[in-house]
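Coordinate analysis (summary)
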Amino acid sequence: MDLLNWSYDVFKSMNFSDATALYGKLAVNLVSVIIIAYLLDFLSKKILVVAFGTFAAKTKTSFDDFLVKNKVSKYLAHLVPLLFVYYIVPLVLKDFIYWEIIFERGVNIFIIFIVLWIIRSTLNALKDYLKVQPNYSDKPIDSYIQVIMIMLWIFATIAIIMVMFSIDFLKIIGTFGAVSAVVLLIFKDTILGFVASIQVSVNDLVRIGDWITMEKYGADGDVIEINLATVKVKNFDNTTTTVPTYSLISDSFKNWRGMVNSGGRRIKRHVLIKANSVHFLDESDIEKFKKIQLLTSYIDHRQQDIEEYNSLNHIDRVMGLNGRSLTNLGLFRKYINQYIETHPAINKDLTMMCRHLQPTEKGIPIEVYAFTSDKRWVNYEYIMADIFDHIIASVKFFDLEVFELPSNGDAFIEGDN
């Protein structure tokens with residue numbers, strides 16, 4: 001205060017009127033306060049930023065590094081000059097009650113914002129720290145931080161209103177209660193997102209890193225961010241799709257996490273066989289198919305059972321329709337089943353089968369249902385293509401035909417014939 005008293009003595013010695021001296025004293029004091037506050041802000045930033053950086057560099061934990069990265073020390077430094085101004089303003093403006101109240105309220109509001117910024121930076125540092133921790137890397141940390149910040153902004157707004165208008169806290173709460181319907185309407189998406197975030201987290205519907213498919217929004221890729229209002233999905237074509245968080249609980253979507261965590265990735269694909277290419281096998285056919293190594297033992301065993309049954313029941317085998325007999329389609333299905341069971345890329349601990357589906361106007365679907373051991377997309381596609389290349393090439397060895405819609409070229413050739 002020596003500087004302030006010295007300023008007042010200088011103006012008093014100039015023989016100005018009392019009012020002029022008073023306002024001169026006010027002006028000099030305010031300028032002095034501003035200069036001192038600026039110097040304090042400059043020095044405190046230098047000291048705190050350097051101290052925080054040095055301390056963070058020497059510690060083993062990475063949390064303080066994130067505090068430095070998010071400039072927590074910088075915002076803390078701003079508190080020093082603000083506290084100085086907060087305590088000095090009543091002394092400087094003691095003769096100006098009106099301006100004292102205005103400046104005091106302004107400083108209080110400024111302090112509220114700085115405290116809010118400090119908390120926000122600390123929460124952002126905490127968010128960054130948790131995201132690199134294995135136990136929290138797949139949690140929607142962004143949603144939680146956003147919820148906390150919304151609550152803090154609400155309290156900060158209430159505090160600012162209380163400071164500006166000197167309103168009692170209970171009166172403000174009563175006012176908010178009266179306009180709650182309007183608040184709910186304005187923050188409808190935020191509230192829905194908040195509720196959805198809680199349900200997504202509690203029910204473990206989606207984690208960061210999950211591969212999800214949501215056709216309604218064109219999303220097919222990995223979840224990279226879960227916020228209060230949106231979920232960001234990086235698609236496999238390197239585009240980004242933003243999905244409303246509440247749609248994860250209101251709409252249908254596919255999460256591939258179960259497949260990723262399981263022992264294999266499913267193959268479920270069929271070939272269509274022409275129905276008129278299916279027929280019973282005679283002895284010459286059976287001898288021909290015995291040369292297929294994967295079927296040799298099966299045909300021997302199966303043929304023995306069929307002959308015993310036909311003999312026991314006195315079946316007349318003049319017509320192949322009578323009694324029991326093998327078909328080329330049945331052997332083809334058995335061959336595919338044997339082939340996938342011996343394929344090195346198929347997981348033998350999971351379901352494997354070749355099944356006969358409901359015949360359609362386009363033919364008889366013969367479906368392969370199995371799981372690849374390698375779940376990586378590129379390798380999975382290669383394995384599946386390799387299996388079906390072999391199956392399609394094998395069809396003709398069983399005197400079967402794959403159904404295809406005739407092309408113009410096919411129609412022309414048939415006409416010529």
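Remember, it's a predicted structure, so these values are computed and weren't measured experimentally. (Residues numbered from 1 in each chain as written. Predicted model: local features only at pLDDT ≥ 70, side-chain atom pairs only at ≥ 80, totals over all residues. Heavy atoms only, no water.)

**Thoughts on the overall build of the chain**
The condition that has to hold: Counting from the N terminus, the helices are DSSP H or I runs at least four residues long and the strands are E runs at least two residues long. In this analysis, two residues are considered to be in contact whenever any of their non-hydrogen atoms come within 4.5 Å of each other.
A tally of helices and strands in the chain yields 16 helices and eight strands. The contacts of the chain with a sequence gap of at least 6 include a subset with a gap of at least 24, amounting to 64%.

**Comments concerning the layout of surface pockets**
Note the following rule: Only protein atoms enter the 1 Å grid used here. Points where a 1.4 Å probe fits but cannot escape make up a cavity, open sets with protein on both sides within 12 Å along at least five of seven lines make up a pocket, and a residue lines them when an atom lies within 4 Å of a point. Grid points are joined across faces, edges and corners, and a volume is the space filled by probe spheres set on the points. Only Asp, Glu, Lys and Arg are considered charged, only Ala, Val, Leu, Ile, Met, Phe, Trp, Tyr, Cys and Pro nonpolar, and every remaining residue, Gly among them, polar.
Taken as a whole, the second largest pocket spans an internal volume of roughly 360 Å³. Looking at the second largest pocket, it is lined by 15 residues, and the ones nearest its centre are Ala 37, Pro 81, Leu 82, Val 85 and Phe 110. Mapped onto the lining of the second largest pocket, the elements with two or more residues apiece are helix H2 (18–58), helix H4 (72–92) and helix H5 (97–131). Tallying contributions element by element places H2 first for the lining of the second largest pocket, with six residues. Residues of the lining of the second largest pocket, tallied by class, amount to 13 nonpolar, one polar and one charged.

**What to know about the pairing of strand E1 (residues 211–214)**
So the rule is basically this: Three labels apply to residues, based on accessible area from a 1.4 Å probe with only protein chains included: buried if under 20% of the type maximum, exposed if over 50%, partly exposed otherwise in between. A strand pair is defined by DSSP finding two or more bridges across the two strands.
The alternating pattern of E1 places Trp 211 and Thr 213 and Ile 212 and Met 214 on opposite faces, both of which are buried. Summarising the sheet, E1 and strand E2 (residues 219–226) pair through four bridges and their orientation is antiparallel. Residue Thr 213 lies in a different strand from E2, and its bridge partner there is Asp 220. Adjacent in sequence and paired antiparallel, E1 and E2 are bridged by four residues, among which Gly 218 carries a positive phi angle near 70 degrees. Pairing geometry for E1 and strand E5 (residues 254–255), over two bridges, is antiparallel. Directly across from Ile 212, in E5, lies its bridge partner Asn 255.

**Quick notes on the sheet that holds E2**
One open sheet holds the five strands; their spatial order is E4-E3-E2-E1-E5, and the pairing between them is antiparallel. Every other strand in the sheet has two partners, leaving strand E4 (240–244) and E5 as the edge strands with one partner each.

**Looking at the sheet that holds strand E7 (residues 353–356)**
Heads up, the condition is: Each axis is a line fitted through C-alpha atoms, taken for helices only over the stretch in contact, and angles between the N-to-C directions span 0 to 180 degrees.
Ordered in space as E6-E8-E7, the three strands form an open sheet in which the pairing is antiparallel. Every other strand in the sheet has two partners, leaving strand E6 (265–273) and E7 as the edge strands with one partner each. The mean inter-strand angle of the sheet, taken between neighbouring strand axes irrespective of direction, is 20 degrees. Judged from the nine bridges that link them, E6 and strand E8 (residues 364–372) form a sheet pairing that is antiparallel. The residue of E8 that forms the bridge with Ile 267 is Ala 370. Sheet strands touched by helix H15 (residues 377–394): E6 and E8. Its angle to E6, the strand with the most contacts, is close to 25 degrees.

**Focus on the confidence of the model for the chain**
To keep it simple, the criterion reads: Scored between 0 and 100, pLDDT is the confidence that the predictor attaches to each residue.
Model confidence for the chain is summarised by a mean pLDDT of 81, while 85% of its residues fall at 70 or above. Ranking the elements of the chain by mean pLDDT puts helix H16 (residues 408–416) last, at 46, and E8 first, at 95. Across residues 411–417 the pLDDT falls below 50, and counting only partners more than four positions away or on other chains, this stretch makes zero contacts in the model.

**Some remarks on the packing of aromatic side chains**
Inclusion rule: Side-chain rings of Phe, Tyr and Trp, where Trp is taken by its six-membered ring, are said to pair if the distance between their centres is within 6.5 Å; with planes under 30 degrees apart they count as stacked, over 60 as edge-to-face, and otherwise as tilted. Charge-over-ring placement is defined geometrically: NZ (Lys) or CZ (Arg) within 6 Å of the ring centre, and within 35 degrees of the ring normal.
If you walk through the whole model with that rule in mind, you get 13 aromatic pairs. Where Phe 236 meets Trp 377, the ring centres are 5.1 Å apart and the plane angle is 45 degrees; that geometry is what we call tilted. Within this pair, whereas Phe 236 is found in the loop between strand E3 (230–235) and E4, its partner Trp 377 is found in helix H15, the two being separated by 141 residues in sequence. We classify Phe 236 as partly exposed; its relative accessible area is 35%. Taken together, the aromatic side chains of Phe 289, Phe 332, Tyr 335, Tyr 339 and Phe 398 make up a single cluster linked through ring pairs. One cation-aromatic arrangement involves Arg 265 over Trp 256; the distance from NZ or CZ to the ring centre is 5.9 Å.

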